Amino acid sequence: MSSKSSSKDAQNPVPRPAANALWGGRFAAGPADIMSRINASIKFDQRLFAQDIAGSRAHCEMLVAQGIVSAEDGAQICSGLDTILAEINAGEFQFSEALEDIHMNIEARLTELIGPAAGRLHTARSRNDQVATDFKLWTRDAIDAVIGQLAALRDVLLDRAEEAADAVMPGFTHLQSAQPVTFGHHLMAYYEMFGRDLARFRDARVRLNESPLGSAALAGTSFPIDRMATAAALGFDRPTRNSLDGVSDRDFALEFLSAAAICATHLSRIAEEIVIWSSAQFGFVTLPDSFSTGSSIMPQKRNPDAAELARAKTGRIIGALNALLIVMKGLPLAYSKDMQEDKEQLFDAADNLELCLAAMGGMLAELQFDREKMAAAAGLGFSTATDLADWLVRELNLPFRQAHHVVGEIVKLAEARKVGLEALRLDELQSVEPRITDDARAVLSVQASVASRSSAGGTAPDQVRAAIAAARRGEG
């Protein structure tokens, strides 16, 4: 099954093939220009060059080990692939749209370099399993990059949450003042969100890590290949178990995009809060100069453009997921050319997610927060009303629903006087519930409110610090 190429062939490489030379034995004429344009993918799939070369090297080494290709041809092929990799990295490789895709561009250049021996590389392989392998390898690399960025972002959140563990701020529901919380507790909520994102990407990586190489076009191959060897060489846990599924599966891309869309949604939520917090009306935080822009007409402006763009790019990432779901929804087994539309979506989503994660980490690391403004705002909107209701339940043994009604009447009284609950006189409180004592005033400060929320996962500073300590121990 093996063959050797002559030195004459290597010294006189054949010309780079025409557009259909690598697949065109069936056709008498080349494709129309418009067909070439719609069919070519080299403008975007050239990003797969490192993965394509790694897959080809692993495949070649396996073919040699199995006696399918001679050691001499295998050595020439691997040497040629190394040359091509160096050329691409140096920016010296000439990509040709006429050669359609990254696979044919590399194979054509390999033929120029080593002659007919290059044609043996594609033994027991199809572009179908080749592209599936390349794309999985690229997606795995993208997942690893995002995992690293998420871990770094969570470290930033831990540091800032520790710094602000006792900084009181308003907590909101419906964007209305609800109960006081701490800024550290608020940041730790995002730490948890991004932790789930991290878990989703890690989980997706586990399912992704099966090698399609050796599935060939759709039915496997009659050559005595060793799929375990190529899987191991490429860092996969095992080969895929079904050749039809091996070439037609794009779940790994959908899972990446799904995890990316959820992660981007979390980034968009914190970006929205940064936009609100940094406004003059709130003034809770000040963005660093390095993540702000000015106005062309209003010299006083300090715009949170980085946060706004992170919020906007979420739409692109969600759109990429929707686009690929729609591409895949009606495809029969096995491979269809529709799948060529998978890569641009994922490339764009991965690029934008990595950019947004980097921007958010930078913003949060340098964000300055104003303790006084946040604490003052925390007391607005009768935010300690629930604390008073809880006091009535604990001290006067009122059913909570009755306590809720009593405090509602007290809030109405404070609204009429245009003062906060803490400013009401004891006789005014007793006009609603005669058994209230002066001790009730102790629960009406925002500091007392947050300190009292000491249940597991609560906003009390001690609980926030405990959560941070557990996270640093790897428990969160």
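Sequence order as written defines the numbering, with residues in each chain counted from 1. Where local features are concerned, this predicted model is filtered to residues with pLDDT of at least 70; where side-chain atom pairs are given and counted, the filter is 80 or more; whole-chain, interface and lining totals use all residues. Water and hydrogen atoms were dropped before computing side-chain values, which therefore reflect all heavy atoms in the structure.

## A closer look at the overall build of the chain
Note on conventions: DSSP H or I runs of at least 4 residues are helices, E runs of at least 2 residues are strands, and numbering of each starts at the N terminus. The helix and strand tally for the chain stands at 19 helices and six strands. Expected size for 476 residues packed as a compact globule is a radius of gyration near 23 Å; at 31 Å, the chain overshoots this value by more than 25%. Expressed as lengths along the three principal axes of its C-alpha atoms, the size of the chain is roughly 105 × 55 × 40 Å. Buried, partly exposed and exposed residues are distinguished by accessible area as a fraction of the type maximum, computed with a 1.4 Å probe on protein chains only: under 20%, between the cut-offs, and over 50%, respectively. Taken over 476 residues, the chain has a buried fraction of 48%. Only the protein chains shown count as covering a residue, and every accessible area follows the Shrake-Rupley method with a 1.4 Å probe. Just so you have it, the chain exposes about 22,100 Å², and 53% of that area is on carbon and sulfur atoms. When the 48 positive and 62 negative side-chain charges of the chain are each reduced to one mean point, those points stand 2 Å apart. Here the radius of gyration uses the C-alpha set of atoms, whereas the globule reference equals 2.2 Å times the residue count to the power 0.38. Just so you know, the count uses Lys and Arg for positive and Asp and Glu for negative, and it drops His and the chain ends. A charged residue contributes its charge at one atom only: NZ of Lys, CZ of Arg, CG of Asp or CD of Glu.

## Describing a nonpolar patch on the surface
In this scheme, patches are assembled from residues that exceed 30% relative accessible area and form no salt bridge. Like charges are connected within 9 Å, while nonpolar side chains (Val, Leu, Ile, Met, Phe, Trp, Tyr) are connected within 5 Å. Salt bridge, as used here: a side-chain nitrogen of Lys or Arg that lies within 4 Å of a carboxyl oxygen of Asp or Glu. The grouping of I34, M35 and I38 at the surface amounts to a nonpolar patch, some 330 Å² of accessible area in total. Within the secondary structure layout, I38 lies in helix α2 (residues 33-39).

## Re the confidence of the model for the chain
As a note on interpretation, predicted positions should not be read in detail where pLDDT is low. Confidence of the prediction at every residue is given by pLDDT, a number between 0 and 100. Mean pLDDT over the chain: 91, with 91% of residues reaching 70 or higher. Two residues qualify as a contact provided that any one of their heavy atoms is within 4.5 Å of a heavy atom in the partner residue. Note on residues 1-20: pLDDT is under 50 here. Beyond four places in sequence and across chains, it has 47 contacts.

## Focus on the pairing of strand β2 (residues 176-182)
Two strands qualify as a pair provided that DSSP identifies no fewer than 2 bridges between them. As defined by bridge partners, strand β1 (residues 168-173) adjoins β2 across six bridges and the pair is classed as antiparallel. By the bridge assignment for β2, G171 is matched with Q179. In textbook terms, the turn of a hairpin is the stretch between consecutive antiparallel strands, and for β1 and β2 this stretch comprises two residues, one of which, H174, has a positive phi near 60°.

## Quick look at helix α11 (residues 251-277)
For a helix, the expected span equals 1.5 Å multiplied by the residue count minus one. Helix length check: α11 (27 residues) gives 39 Å between terminal C-alpha atoms against 39 Å at 1.5 Å per residue, within 8%. Within α11, 20 of the 27 residues are buried, leaving the element largely enclosed by the surrounding structure.

## Considering the nonpolar core
Among soluble globular proteins, nonpolar side chains are generally buried collectively. The biggest cluster of nonpolar side chains holds 91 residues, and the ones touching the most others in it are F183, F201, F256, L267, L353, M360 and L364. Sorting elements by how many residues they give to this core places α11 first, with 16 residues. Not counting residues within four places of it along the chain, the set of residues in contact with L267 comprises L153, F194, L353, C356, L357 and M360. Note on terminology: a nonpolar core comprises buried Ala, Val, Leu, Ile, Met, Phe, Trp, Tyr and Cys residues joined through side-chain atoms within 4.5 Å.

## Comments concerning the pattern of salt bridges
As enumerated under the stated definition, the model contains 34 salt bridges in all. With a shortest N-O distance of 2.8 Å, D351 and R47 are connected by a salt bridge. Of this pair, D351 sits in helix α13 (residues 342-366) while R47 sits in the loop between α3 (42-45) and α4 (49-65), placing them 304 residues apart in sequence. Residue classification places D351 among the partly exposed residues on the basis of a relative accessible area of 37%. In this structure R47 comes out as partly exposed when scored by relative accessible area, which is 34%. A single salt-bridge network, built from bridges that share partners, covers D166, R371, D462 and R465.

## A few points about the packing of aromatic side chains
When the centres of two rings from Phe, Tyr and Trp lie within 6.5 Å, Trp using its six-membered ring, the rings pair. Their planes under 30 degrees apart give stacked, over 60 give edge-to-face, and anything left gives tilted. Per the counting criterion, the structure on display carries 10 aromatic pairs. Each ring, one from F282 and one from F284, has its centre 5.2 Å from the other, and the planes form 75°; the classification is edge-to-face. Through a chain of ring-to-ring contacts, three or more aromatic side chains come together here, namely F135, W138, F252 and F347. Definition used: whenever NZ (Lys) or CZ (Arg) falls within 6 Å of the ring centre and also within 35 degrees of the ring normal, the charge is taken to sit over that ring. Its end group placed over the ring of F347, R47 keeps NZ or CZ at 4.8 Å from the ring centre.

## Some details on the packing of α4 against helix α6 (residues 102-114)
Put simply, α4 and α6 touch, their axes get as near as 10 Å, and they point 60° apart. The angle between the axes of α4 and α6 places the two elements in the oblique class. In this structure, α4 meets α6 at a crossing whose hand is right-handed. Listed contacts from α6 to F49, D52 and I53 of α4 are I102, H103 and I106. Simply put, an axis is a line fit to the C-alpha atoms, just over the touching stretch for a helix, and the angle between two N-to-C directions goes from 0 to 180 degrees. The cut-offs work like this: below 35 degrees is roughly parallel, past 145 is roughly antiparallel, 65 to 115 is roughly perpendicular, and the gaps in between are oblique. Two helices that cross are described as forming a left-handed crossing if the nearer one is turned anticlockwise from the farther one by less than a right angle, and a right-handed crossing if clockwise.

## Considerations on the side chain of H266
In this fold, H266 is placed in helix α11. The class for H266 is buried, based on a relative accessible area of 9%. Residue contacts for H266: discarding those within four places in its chain leaves Y190, M193, F194, D197 and R200.

## As for helix α5 (residues 71-89)
For α5, with 19 residues, the first-to-last C-alpha span of 27 Å sits near the 27 Å given by 1.5 Å per residue. Of the positions making up α5, those classed as buried are D73, G74, Q76, I77, C78, G80, L81, I84, E87 and I88. Phi for G91, located one or two positions after α5, is positive at around 75°.

## Some thoughts on the environment of A469
Within the element layout of this structure, A469 appears in helix α19 (residues 461-472). Between the alpha carbons of A469 and L158 there is a distance of 9.1 Å; along the sequence they are 311 residues apart.

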